[in-house]
Every structure is written in C-alpha cells, then in structure tokens.
Amino acid sequence: YSVGAQLNSMFIAVGCVVSGVVLPTVTRIVNSDRLNDTISLFWAKTGRIQAFIVCLVMSGVCLFGQEFIVLLSGETYCEAYYVALLLMLPYTVDLVQNCALPIMQVKDCYKIRAVVLICMAVTNLILAIIVVNDYGIVGVSAATGITVILGSGIVMNWVYKKYVGLDIIMFWKDTAPIFAITVVTAVIGNQINKIQISNSYLQFALHVILYSILYFVMMYAVSFKADEKELVKRFLKKM
C-alpha cells in the first residue's frame, strides 16, 4: 500500500505545479473588481494546462505503472499497481481543477473546502474499516477513491459554482476533450508495450519516451488551441 500511496503522492505533487504559481495573478484579477467571467476564463485556461500534464502522467501510469513498480520494488509488489490506480484516478479531476483553490483563498471562502475535507476524511475512515477485512489494501484504496470522487469531484464542483461563482460548464467544455483524446492516445500507446529489449530499465525508459512523444503529437495536432501552440513554439524557440 505504501508503494502505491507514494506514487499517488508524486502524482499530486506534479498536478499542483501550475496552481502553486498562480496566486499573484488570481489576487490581481479579484482585486481589480473584474467579473466572475474573467476569473472563470483564467481558471479554464490554467485547467487545460493542468489537464495536459495530469492526463499524460495518469495515462502513463496506466500503461507502464506495473512495469515501473516491478523495477522499483520487485514482483511481490505487483498489487501496488492497483492501489496506485485506485488512488490516482479519482484525484485526476481534483488536480485538473485545483487552480480554483487560490481563487477560494483570495475570495476568503477556503473554509468551505476545509469542511468538505474533514467530511471526506471521516467517510474514508468509516469505509476503510468496513472493507479492510474482506478486501485488504485494494478495498481500502477503493474506499479512498470513492471518497475523493464524492468529495473533490462532485461536492467541490457544486461549491465552485455556488460559493466561488465559477463557470463549471465552461470549464468542462474546455477540458473534457483532453480526457477523450488521452483515452484514444492511451489505446494507441498500448502497442508500445509490445516493444521488448533485453535491458528492462532501458526498455521502460524507451516506453515512456515513445509514449510521451506520441501524447504530445496527438495533443498538439488535435487539442491544442492557437495560443497554446504559440506557447509551445516560444518554449521551443528558447530551447
């Protein structure tokens, strides 16, 4: 369980990269007395960037996570792969939307999230106690996943709309296609697993590199908006 939970912790850290640097911008937008539409547009824009990152990592773990865990900890820890998936998949929505958290801080309504998290923790504990004897660590992981879906996925979307004034429908119209394209890319990328070489470490590295290239090409060709393509071009020019 600790191996799977460690992967989840790293996933959360990667997913919080963008939200960790937007607080000054959010403060400036709110203090300028702009309408909620402006904040929602900013949230959707940063949410798309987060979605590109989170979906790459999540789909990569789905495809190559078991291979990675075997390299990291050995064959006896294969069950950690299912623990990781059950913990990480529900957090995907929360991480894509977590640029809303600095908005809640600036609008002084973060205490609502604190209440939701407390309720989630209590619910998670109760569910874990119920399932642990019959289903072990996989059951406990599923209990956590269900709690995250209910709390961070459903309840927090209602909070964002009602108390923060964010446009949930616009956000999901902008980001949902990224999830759909990720699924298609992962189905295609599954063929990469058929590439076998004698060195297992080099094989894993090759799988990850090839899938990352495939993911970027698919997103750039199908999902990137004009401003996102320009952002990539500026980055490559600097490189």
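Scroll up to find the structure this text is about.
Every value quoted in this text rests on a predicted model; they were computed, and no experiment measured them.

Reading guide: rules and limits
Residues numbered from 1 in each chain as written. Predicted model: local features only at pLDDT ≥ 70, side-chain atom pairs only at ≥ 80, totals over all residues. Heavy atoms only, no water. Helix = DSSP H or I, 4+ residues; strand = E, 2+ residues; numbered from the N terminus. Rg over C-alpha atoms; globule rule 2.2 N^0.38 Å. Buried < 20%, exposed > 50% of the residue type's maximum accessible area, 1.4 Å probe, protein only. Contact = heavy atoms within 4.5 Å. Areas by Shrake-Rupley, 256 points an atom, 1.4 Å probe, with all protein chains shown as cover. Lys, Arg positive; Asp, Glu negative; His and termini not counted. Charge placed at Lys NZ, Arg CZ, Asp CG, Glu CD. Core = buried A, V, L, I, M, F, W, Y, C linked by side-chain atoms within 4.5 Å.

*Asks:* Looking at this structure, how should I read the overall build of the chain?
*Replies:* Within the chain, the regular secondary structure consists of nine helices and zero strands. When the helices and strands of the chain are placed in sequence order, the string is α-α-α-α-α-α-α-α-α. For 239 residues, the compact-globule formula gives about 18 Å, and the C-alpha radius of gyration of the chain, at 19 Å, lands near that figure. Each principal axis of the C-alpha distribution contributes one length, and for the chain these read about 60 × 50 × 25 Å. Out of the 239 residues belonging to the chain, those deemed buried represent 41%. Put simply, of all contacts in the chain between residues at least 6 apart along the chain, 79% involve residues at least 24 apart. Accessible surface for the chain amounts to roughly 12,900 Å². Of this, 69% is attributable to carbon and sulfur atoms. Averaging the coordinates of the 17 positive side-chain charges in the chain and doing the same for the 13 negative ones gives two points 10 Å apart.

*Asks:* Mind showing me how you'd approach unusual backbone geometry here?
*Replies:* The bulk of non-glycine residues show a negative phi, and the bulk of peptide bonds are trans. Although it is not a glycine, Asp108 sits at a positive phi angle of roughly 60°. Take Asp108: it is sitting in the loop between α5 (100–106) and α6 (110–162).

*Asks:* Help me understand the nonpolar core in this model?
*Replies:* One recurring pattern in soluble globular proteins: nonpolar side chains tend to sit buried together. Ranked by size, the top nonpolar core spans 54 residues in total, and within it Trp43, Met104, Tyr160 and Leu166 carry the most contacts. For this core, the secondary structure elements donating two or more residues are α1 (2–15), α2 (23–31), α3 (36–73), α4 (79–97), α5, α6, α7 (168–189) and α8 (200–223). Element by element, the count of residues in this core is highest for α3, at 13 residues. Filtering out sequence-adjacent residues up to four positions away, Leu166 remains in contact with Ile39, Ser40, Trp43, Ala100, Ile103, Tyr160 and Lys161.

These figures capture arrangement, not role.
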